[in-house]
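# Commentary on secondary and tertiary structure
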Amino acid sequence: MTPSAHFMNKAFEQAAQALFLSSPNPRVGCVIVNDAGQIIGQGFTQQAGGPHAEIMALRDAAAKGNEVHGATAYVTLEPCSHHGRTGPCCDALVAAGIGKVVGALTDPNPQVAGRGFERLRAAGVEVEVGPGAAESRELNIGFFSRMIRGMPWVRMKAASSLDGVTALHNGKSQWITSPEARADGHAWRARACTILTGIGTVLEDNPRMNVREVETPRQPRVAVVDSRLDIPLGAHVLQAPSGCLIYTCSTDQFKIKQLQALGATVIHMPNAAGKVDLAAMLRDLAARGTNELHVEAGFKLNGSLIREGLVDEFLLYQAPKLLGTGAMGIANFGPLDDLNKGLALELHEVARVGPDLRIVARVEGR
Ligand code: AOF
Ligand code: ZN
(Lines give C-alpha, C1' and ligand atoms only; values in the text may rest on other atoms or scores of the structure.)
(Ligands and ions follow the chains in the order given, each with its own letter.)
Protein backbone atom coordinates (compact mmCIF):
# COMPACT_ATOMS: atom_id res chain seq x y z
CA MET A 1 0.00 0.00 0.00
CA THR A 2 1.31 3.47 -0.85
CA PRO A 3 1.73 5.91 2.05
CA SER A 4 -1.09 7.99 0.55
CA ALA A 5 -3.49 5.03 0.57
CA HIS A 6 -2.45 4.13 4.10
CA PHE A 7 -3.17 7.58 5.51
CA MET A 8 -6.36 7.89 3.48
CA ASN A 9 -7.52 4.65 5.13
CA LYS A 10 -6.79 6.25 8.50
CA ALA A 11 -8.92 9.22 7.42
CA PHE A 12 -11.74 6.79 6.50
CA GLU A 13 -11.50 5.25 9.98
CA GLN A 14 -12.25 8.74 11.25
CA ALA A 15 -15.06 9.28 8.74
CA ALA A 16 -16.74 6.04 9.83
CA GLN A 17 -17.24 7.55 13.27
CA ALA A 18 -19.56 10.14 11.74
CA LEU A 19 -21.89 7.44 10.33
CA PHE A 20 -24.80 8.08 12.72
CA LEU A 21 -23.82 11.65 13.53
CA SER A 22 -23.24 14.09 10.69
CA SER A 23 -26.61 14.08 8.87
CA PRO A 24 -27.34 15.93 6.62
CA ASN A 25 -23.63 16.65 6.17
CA PRO A 26 -21.45 14.03 4.52
CA ARG A 27 -19.35 11.71 6.66
CA VAL A 28 -15.82 13.04 6.31
CA GLY A 29 -12.59 12.16 8.10
CA CYS A 30 -9.23 13.94 8.21
CA VAL A 31 -5.75 13.03 9.44
CA ILE A 32 -2.81 15.43 9.48
CA VAL A 33 0.60 13.83 8.94
CA ASN A 34 4.03 15.40 9.52
CA ASP A 35 7.25 14.90 7.53
CA ALA A 36 8.24 12.02 9.79
CA GLY A 37 5.07 10.17 8.76
CA GLN A 38 3.36 10.58 12.13
CA ILE A 39 -0.33 11.38 12.53
CA ILE A 40 -0.36 14.60 14.53
CA GLY A 41 -4.07 15.41 14.39
CA GLN A 42 -7.30 13.67 13.40
CA GLY A 43 -11.01 14.30 13.37
CA PHE A 44 -14.38 13.70 11.73
CA THR A 45 -17.49 15.72 10.84
CA GLN A 46 -19.65 16.62 13.81
CA GLN A 47 -23.42 17.09 13.88
CA ALA A 48 -25.09 19.61 11.56
CA GLY A 49 -23.86 23.10 12.35
CA GLY A 50 -20.81 21.68 14.13
CA PRO A 51 -17.21 21.70 12.93
CA HIS A 52 -16.11 19.79 9.84
CA ALA A 53 -13.46 17.06 9.86
CA GLU A 54 -10.54 19.36 8.94
CA ILE A 55 -11.33 21.79 11.77
CA MET A 56 -11.54 18.90 14.25
CA ALA A 57 -8.16 17.59 13.05
CA LEU A 58 -6.52 21.04 13.28
CA ARG A 59 -7.94 21.48 16.79
CA ASP A 60 -6.74 18.01 17.78
CA ALA A 61 -3.22 18.85 16.62
CA ALA A 62 -3.30 22.18 18.47
CA ALA A 63 -4.61 20.52 21.66
CA LYS A 64 -1.67 18.09 21.53
CA GLY A 65 0.79 20.92 20.93
CA ASN A 66 1.72 19.58 17.47
CA GLU A 67 3.02 21.93 14.78
CA VAL A 68 1.07 21.50 11.53
CA HIS A 69 3.11 23.94 9.43
CA GLY A 70 4.14 22.16 6.21
CA ALA A 71 2.23 18.98 7.15
CA THR A 72 -0.05 16.98 4.84
CA ALA A 73 -3.82 16.74 5.44
CA TYR A 74 -5.59 13.60 4.16
CA VAL A 75 -9.31 14.29 3.77
CA THR A 76 -11.97 11.86 2.54
CA LEU A 77 -13.80 14.65 0.67
CA GLU A 78 -12.71 17.95 -0.85
CA PRO A 79 -12.36 20.65 1.84
CA CYS A 80 -15.23 23.10 1.56
CA SER A 81 -14.80 26.60 0.12
CA HIS A 82 -18.15 28.10 1.11
CA HIS A 83 -19.69 29.79 4.13
CA GLY A 84 -22.46 27.40 5.19
CA ARG A 85 -23.33 26.92 8.83
CA THR A 86 -19.54 26.90 9.34
CA GLY A 87 -16.62 28.71 7.66
CA PRO A 88 -14.58 27.35 4.73
CA CYS A 89 -12.22 24.50 5.68
CA CYS A 90 -9.81 25.29 2.84
CA ASP A 91 -9.16 28.73 4.39
CA ALA A 92 -8.55 27.17 7.80
CA LEU A 93 -6.05 24.72 6.28
CA VAL A 94 -4.22 27.57 4.50
CA ALA A 95 -4.20 29.73 7.64
CA ALA A 96 -2.70 26.86 9.63
CA GLY A 97 0.13 26.54 7.10
CA ILE A 98 -0.75 23.06 5.80
CA GLY A 99 1.66 22.26 2.94
CA LYS A 100 -0.26 19.59 1.07
CA VAL A 101 -3.82 18.30 0.89
CA VAL A 102 -4.72 14.82 -0.34
CA GLY A 103 -8.48 14.73 -0.95
CA ALA A 104 -10.32 11.54 -1.95
CA LEU A 105 -12.96 13.13 -4.14
CA THR A 106 -14.50 16.43 -5.27
CA ASP A 107 -17.45 17.60 -3.13
CA PRO A 108 -20.64 17.32 -5.27
CA ASN A 109 -22.20 20.24 -3.38
CA PRO A 110 -22.62 22.91 -6.13
CA GLN A 111 -21.40 25.51 -3.60
CA VAL A 112 -18.05 23.68 -3.49
CA ALA A 113 -17.62 21.43 -6.59
CA GLY A 114 -13.87 21.86 -7.10
CA ARG A 115 -13.54 25.37 -5.66
CA GLY A 116 -12.01 24.00 -2.46
CA PHE A 117 -9.15 22.35 -4.35
CA GLU A 118 -8.78 25.46 -6.56
CA ARG A 119 -8.54 27.81 -3.58
CA LEU A 120 -5.92 25.58 -1.95
CA ARG A 121 -3.81 25.52 -5.13
CA ALA A 122 -4.17 29.28 -5.53
CA ALA A 123 -2.81 29.69 -1.99
CA GLY A 124 0.25 27.59 -2.87
CA VAL A 125 -0.87 24.37 -1.19
CA GLU A 126 0.03 21.22 -3.12
CA VAL A 127 -3.14 19.23 -3.96
CA GLU A 128 -3.52 15.56 -4.82
CA VAL A 129 -6.96 14.11 -5.62
CA GLY A 130 -7.49 10.43 -4.74
CA PRO A 131 -7.04 7.71 -3.56
CA GLY A 132 -10.29 6.62 -1.95
CA ALA A 133 -12.78 8.12 -4.42
CA ALA A 134 -15.03 5.04 -4.61
CA GLU A 135 -15.02 4.56 -0.86
CA SER A 136 -15.85 8.21 -0.24
CA ARG A 137 -18.79 8.04 -2.59
CA GLU A 138 -20.04 4.79 -1.07
CA LEU A 139 -19.85 6.14 2.47
CA ASN A 140 -21.84 9.18 1.35
CA ILE A 141 -24.16 7.52 -1.14
CA GLY A 142 -27.10 9.53 0.16
CA PHE A 143 -25.28 12.86 0.14
CA PHE A 144 -24.18 12.30 -3.46
CA SER A 145 -27.72 11.32 -4.40
CA ARG A 146 -29.18 14.46 -2.81
CA MET A 147 -26.57 16.77 -4.36
CA ILE A 148 -26.59 15.24 -7.85
CA ARG A 149 -30.20 14.02 -8.28
CA GLY A 150 -32.05 16.18 -5.76
CA MET A 151 -33.40 12.91 -4.37
CA PRO A 152 -32.51 10.89 -1.29
CA TRP A 153 -30.95 7.45 -1.62
CA VAL A 154 -34.02 5.30 -1.01
CA ARG A 155 -33.32 2.10 0.90
CA MET A 156 -36.25 -0.23 1.47
CA LYS A 157 -35.99 -2.59 4.41
CA ALA A 158 -38.05 -5.76 4.67
CA ALA A 159 -37.93 -8.93 6.72
CA SER A 160 -39.34 -12.15 5.40
CA SER A 161 -39.01 -15.91 5.31
CA LEU A 162 -36.66 -17.48 2.78
CA ASP A 163 -39.65 -17.80 0.43
CA GLY A 164 -40.28 -14.06 0.68
CA VAL A 165 -43.27 -14.14 3.00
CA THR A 166 -43.81 -11.25 5.44
CA ALA A 167 -47.22 -12.14 6.86
CA LEU A 168 -49.50 -15.14 6.86
CA HIS A 169 -52.89 -15.13 5.13
CA ASN A 170 -54.44 -14.29 8.52
CA GLY A 171 -52.22 -11.21 8.85
CA LYS A 172 -49.96 -12.64 11.58
CA SER A 173 -46.49 -11.28 10.92
CA GLN A 174 -44.48 -10.54 14.06
CA TRP A 175 -41.02 -11.90 14.71
CA ILE A 176 -40.24 -13.62 11.45
CA THR A 177 -36.55 -12.74 11.78
CA SER A 178 -34.26 -12.98 14.80
CA PRO A 179 -33.41 -10.42 17.54
CA GLU A 180 -29.97 -10.11 15.93
CA ALA A 181 -31.55 -9.10 12.62
CA ARG A 182 -33.79 -6.58 14.36
CA ALA A 183 -30.81 -5.02 16.14
CA ASP A 184 -28.92 -4.88 12.85
CA GLY A 185 -31.93 -3.16 11.29
CA HIS A 186 -31.67 -0.46 13.95
CA ALA A 187 -28.08 0.29 12.92
CA TRP A 188 -29.40 0.93 9.39
CA ARG A 189 -32.12 3.16 10.82
CA ALA A 190 -29.46 5.07 12.76
CA ARG A 191 -27.48 5.99 9.65
CA ALA A 192 -30.58 7.29 7.85
CA CYS A 193 -31.57 10.95 7.92
CA THR A 194 -35.26 10.07 7.73
CA ILE A 195 -37.35 6.93 8.23
CA LEU A 196 -40.43 6.64 6.00
CA THR A 197 -43.52 4.60 6.76
CA GLY A 198 -47.17 4.46 5.71
CA ILE A 199 -50.42 5.06 7.54
CA GLY A 200 -51.28 1.35 7.27
CA THR A 201 -48.24 0.44 9.37
CA VAL A 202 -48.95 3.27 11.84
CA LEU A 203 -52.55 2.08 12.34
CA GLU A 204 -51.63 -1.61 12.57
CA ASP A 205 -48.45 -1.57 14.65
CA ASN A 206 -48.19 1.96 16.13
CA PRO A 207 -44.39 1.75 15.68
CA ARG A 208 -41.95 4.29 17.14
CA MET A 209 -39.64 4.12 14.12
CA ASN A 210 -36.75 5.29 16.28
CA VAL A 211 -33.34 3.77 17.06
CA ARG A 212 -33.28 1.68 20.24
CA GLU A 213 -31.07 -1.34 19.73
CA VAL A 214 -27.84 0.52 19.01
CA GLU A 215 -26.34 3.61 20.60
CA THR A 216 -26.74 6.74 18.56
CA PRO A 217 -26.04 10.41 19.15
CA ARG A 218 -28.96 11.39 16.87
CA GLN A 219 -32.44 10.07 16.12
CA PRO A 220 -33.65 10.19 12.50
CA ARG A 221 -36.70 12.18 11.55
CA VAL A 222 -39.85 10.20 10.74
CA ALA A 223 -42.06 10.72 7.68
CA VAL A 224 -45.51 9.20 7.15
CA VAL A 225 -47.54 8.86 3.95
CA ASP A 226 -51.12 9.47 5.10
CA SER A 227 -53.41 10.54 2.21
CA ARG A 228 -56.53 11.11 4.33
CA LEU A 229 -54.87 12.21 7.57
CA ASP A 230 -56.06 9.15 9.45
CA ILE A 231 -53.16 9.28 11.89
CA PRO A 232 -54.33 9.06 15.52
CA LEU A 233 -53.15 11.91 17.73
CA GLY A 234 -51.67 9.32 20.07
CA ALA A 235 -49.50 7.69 17.39
CA HIS A 236 -45.97 7.07 18.65
CA VAL A 237 -44.40 8.49 15.49
CA LEU A 238 -45.71 11.93 16.45
CA GLN A 239 -43.25 11.86 19.35
CA ALA A 240 -40.20 11.31 17.12
CA PRO A 241 -37.45 13.42 18.78
CA SER A 242 -36.27 14.87 15.46
CA GLY A 243 -39.81 15.58 14.30
CA CYS A 244 -42.52 13.96 12.21
CA LEU A 245 -43.41 14.94 8.64
CA ILE A 246 -46.84 13.91 7.35
CA TYR A 247 -47.43 13.87 3.59
CA THR A 248 -51.11 14.08 2.77
CA CYS A 249 -53.84 15.00 0.30
CA SER A 250 -56.18 16.13 3.06
CA THR A 251 -57.02 19.78 3.67
CA ASP A 252 -58.85 19.12 6.95
CA GLN A 253 -57.73 22.27 8.79
CA PHE A 254 -58.97 21.06 12.15
CA LYS A 255 -56.87 17.87 12.04
CA ILE A 256 -53.92 19.74 10.55
CA LYS A 257 -53.95 22.22 13.48
CA GLN A 258 -54.19 19.38 15.99
CA LEU A 259 -51.16 17.67 14.41
CA GLN A 260 -49.21 20.92 14.23
CA ALA A 261 -49.96 21.54 17.91
CA LEU A 262 -48.22 18.22 18.56
CA GLY A 263 -45.15 19.46 16.65
CA ALA A 264 -45.78 17.63 13.38
CA THR A 265 -45.20 19.20 9.97
CA VAL A 266 -48.09 18.52 7.59
CA ILE A 267 -47.25 18.72 3.90
CA HIS A 268 -49.99 18.83 1.27
CA MET A 269 -48.68 16.90 -1.72
CA PRO A 270 -51.40 15.34 -3.87
CA ASN A 271 -50.94 14.03 -7.40
CA ALA A 272 -53.54 14.11 -10.18
CA ALA A 273 -54.97 10.79 -8.97
CA GLY A 274 -55.62 12.15 -5.49
CA LYS A 275 -52.83 10.09 -3.88
CA VAL A 276 -49.69 11.44 -2.28
CA ASP A 277 -47.21 12.33 -5.04
CA LEU A 278 -44.36 10.07 -3.98
CA ALA A 279 -41.72 11.46 -6.35
CA ALA A 280 -42.52 15.01 -5.22
CA MET A 281 -42.39 13.82 -1.63
CA LEU A 282 -38.89 12.45 -2.17
CA ARG A 283 -37.74 15.74 -3.71
CA ASP A 284 -39.20 17.54 -0.71
CA LEU A 285 -37.43 15.17 1.69
CA ALA A 286 -34.16 15.86 -0.13
CA ALA A 287 -34.77 19.61 0.09
CA ARG A 288 -35.23 19.10 3.84
CA GLY A 289 -31.82 17.47 4.07
CA THR A 290 -32.53 13.78 3.65
CA ASN A 291 -29.50 11.97 2.26
CA GLU A 292 -30.48 8.39 3.08
CA LEU A 293 -34.18 7.55 3.37
CA HIS A 294 -34.88 4.31 5.21
CA VAL A 295 -38.26 2.87 4.21
CA GLU A 296 -39.99 0.55 6.66
CA ALA A 297 -43.47 0.26 5.34
CA GLY A 298 -46.09 -2.30 4.39
CA PHE A 299 -47.19 -4.10 1.29
CA LYS A 300 -49.00 -1.14 -0.29
CA LEU A 301 -46.54 1.73 0.11
CA ASN A 302 -43.62 -0.57 -0.71
CA GLY A 303 -45.42 -1.59 -3.90
CA SER A 304 -46.17 1.99 -4.92
CA LEU A 305 -42.56 3.09 -4.42
CA ILE A 306 -41.28 0.12 -6.44
CA ARG A 307 -43.82 0.60 -9.25
CA GLU A 308 -42.84 4.25 -9.57
CA GLY A 309 -39.17 3.32 -9.81
CA LEU A 310 -38.30 5.27 -6.68
CA VAL A 311 -36.37 2.62 -4.73
CA ASP A 312 -32.59 2.49 -5.09
CA GLU A 313 -31.66 -0.28 -2.71
CA PHE A 314 -33.24 -3.15 -0.82
CA LEU A 315 -32.15 -4.25 2.64
CA LEU A 316 -33.68 -7.69 2.99
CA TYR A 317 -33.50 -9.90 6.04
CA GLN A 318 -34.56 -13.48 5.47
CA ALA A 319 -35.20 -16.05 8.16
CA PRO A 320 -34.32 -19.66 7.26
CA LYS A 321 -37.89 -20.89 7.23
CA LEU A 322 -40.62 -21.34 4.67
CA LEU A 323 -44.09 -19.92 5.30
CA GLY A 324 -45.86 -21.17 2.23
CA THR A 325 -48.77 -20.08 0.10
CA GLY A 326 -51.60 -17.66 0.66
CA ALA A 327 -49.22 -15.31 2.40
CA MET A 328 -48.07 -11.77 1.65
CA GLY A 329 -44.80 -10.84 -0.04
CA ILE A 330 -42.81 -7.71 0.71
CA ALA A 331 -44.53 -5.45 -1.80
CA ASN A 332 -47.67 -5.06 -3.86
CA PHE A 333 -46.51 -5.00 -7.44
CA GLY A 334 -47.36 -7.21 -10.33
CA PRO A 335 -48.63 -9.71 -11.30
CA LEU A 336 -46.13 -9.53 -14.15
CA ASP A 337 -46.89 -11.25 -17.43
CA ASP A 338 -43.28 -11.30 -18.55
CA LEU A 339 -40.14 -12.24 -16.62
CA ASN A 340 -38.30 -9.40 -18.32
CA LYS A 341 -40.57 -6.91 -16.59
CA GLY A 342 -39.24 -7.87 -13.17
CA LEU A 343 -37.16 -5.33 -11.27
CA ALA A 344 -33.53 -6.25 -11.95
CA LEU A 345 -31.25 -5.99 -8.94
CA GLU A 346 -27.54 -6.41 -8.33
CA LEU A 347 -26.36 -8.04 -5.14
CA HIS A 348 -24.22 -5.51 -3.32
CA GLU A 349 -23.58 -7.47 -0.15
CA VAL A 350 -24.70 -10.76 1.36
CA ALA A 351 -24.11 -11.45 5.05
CA ARG A 352 -25.25 -13.67 7.86
CA VAL A 353 -26.81 -11.91 10.85
CA GLY A 354 -27.41 -14.34 13.70
CA PRO A 355 -29.39 -17.18 12.16
CA ASP A 356 -30.70 -14.98 9.34
CA LEU A 357 -29.54 -13.78 5.94
CA ARG A 358 -29.04 -10.09 5.12
CA ILE A 359 -29.05 -9.08 1.48
CA VAL A 360 -28.28 -5.60 0.24
CA ALA A 361 -29.35 -5.41 -3.39
CA ARG A 362 -29.34 -2.36 -5.65
CA VAL A 363 -31.59 -1.58 -8.55
CA GLU A 364 -29.55 -2.00 -11.72
CA GLY A 365 -28.05 1.25 -12.92
CA ARG A 366 -28.26 3.10 -9.58
C1 AOF B 1 -15.67 19.70 4.60
N2 AOF B 1 -15.41 18.88 5.63
O3 AOF B 1 -16.05 17.42 7.20
C4 AOF B 1 -17.65 18.12 5.65
C5 AOF B 1 -17.90 18.96 4.51
O6 AOF B 1 -23.31 24.07 6.62
P7 AOF B 1 -21.88 23.65 6.75
O8 AOF B 1 -20.95 24.80 6.91
O9 AOF B 1 -21.68 22.59 7.81
O10 AOF B 1 -21.45 22.99 5.35
C11 AOF B 1 -22.01 21.78 4.90
C12 AOF B 1 -21.39 21.37 3.59
O13 AOF B 1 -19.98 21.21 3.76
C14 AOF B 1 -21.88 20.06 3.03
O15 AOF B 1 -23.02 20.24 2.23
C16 AOF B 1 -20.69 19.60 2.20
O17 AOF B 1 -20.64 20.26 0.95
C18 AOF B 1 -19.51 20.07 3.03
N19 AOF B 1 -19.12 19.01 3.96
N20 AOF B 1 -16.89 19.69 4.01
O21 AOF B 1 -14.81 20.48 4.21
C22 AOF B 1 -16.34 18.10 6.20
N23 AOF B 1 -18.63 17.37 6.21
ZN1 ZN C 1 -15.60 22.23 5.55
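Residues numbered from 1 in each chain as written. Chains lettered and ligands numbered in written order. Predicted model: local features only at pLDDT ≥ 70, side-chain atom pairs only at ≥ 80, totals over all residues.

Named according to an unreviewed UniProt entry, the protein is Riboflavin biosynthesis protein RibD originating from Comamonas resistens. The Function (unreviewed entry) comment attached to the protein in UniProt states, word for word, "Converts 2,5-diamino-6-(ribosylamino)-4(3h)-pyrimidinone 5'-phosphate into 5-amino-6-(ribosylamino)-2,4(1h,3h)-pyrimidinedione 5'-phosphate." (UniProt positions renumbered as here; feature names shortened; annotations may be inferred.)

This part is about the UniProt feature "domain: CMP/dCMP-type deaminase" (unreviewed entry) in the protein. Those places that UniProt annotates as "domain: CMP/dCMP-type deaminase" (unreviewed entry) correspond, in this numbering, to residues 2–128. Secondary structure content for residues 2–128 is 31% helix and 17% strand, while the C-alpha to C-alpha distance between its ends is 14 Å. (Helix = DSSP H or I, 4+ residues; strand = E, 2+ residues; numbered from the N terminus.)

Most of strand β6 (residues 153–161) sits out of view: eight of its nine residues are buried. Alignment of β6 against strand β11 (residues 292–295), held across four bridges, turns out to be parallel. Considered in β11, the bridge of Met156 is made with Val295. Pairing of β6 with strand β12 (residues 313–319), which is carried by seven bridges, proceeds in the parallel orientation. Following the sheet pairing, Ser160 is matched in β12 by Gln318. (Buried ≥ 20, exposed ≤ 12 C-beta atoms within 10 Å, placed from the backbone. Pairing = 2+ DSSP bridges.)

With respect to the helices and strands, Leu162 occurs in the loop between β6 and α7 (179–191). By the C-beta count within 10 Å, which is 13 here, Leu162 ends up partly exposed. Along the chain, Leu162 and Gly87 lie 75 residues apart, while their C-alpha atoms are 51 Å from each other. Beyond its immediate sequence surroundings of up to four residues, Leu162 is in contact with Gln318, Ala319, Pro320, Lys321 and Leu322. (Contact = placed C-beta atoms within 7 Å.)

Where helix α4 (residues 115–122) is concerned, the buried positions are Arg115, Gly116, Phe117, Arg119 and Leu120. On its buried side, α4 packs onto α3 (89–95), β4 (100–103) and β5 (126–129). Once α4 finishes, Gly124 follows within two positions and takes phi at roughly 85°, a positive value.

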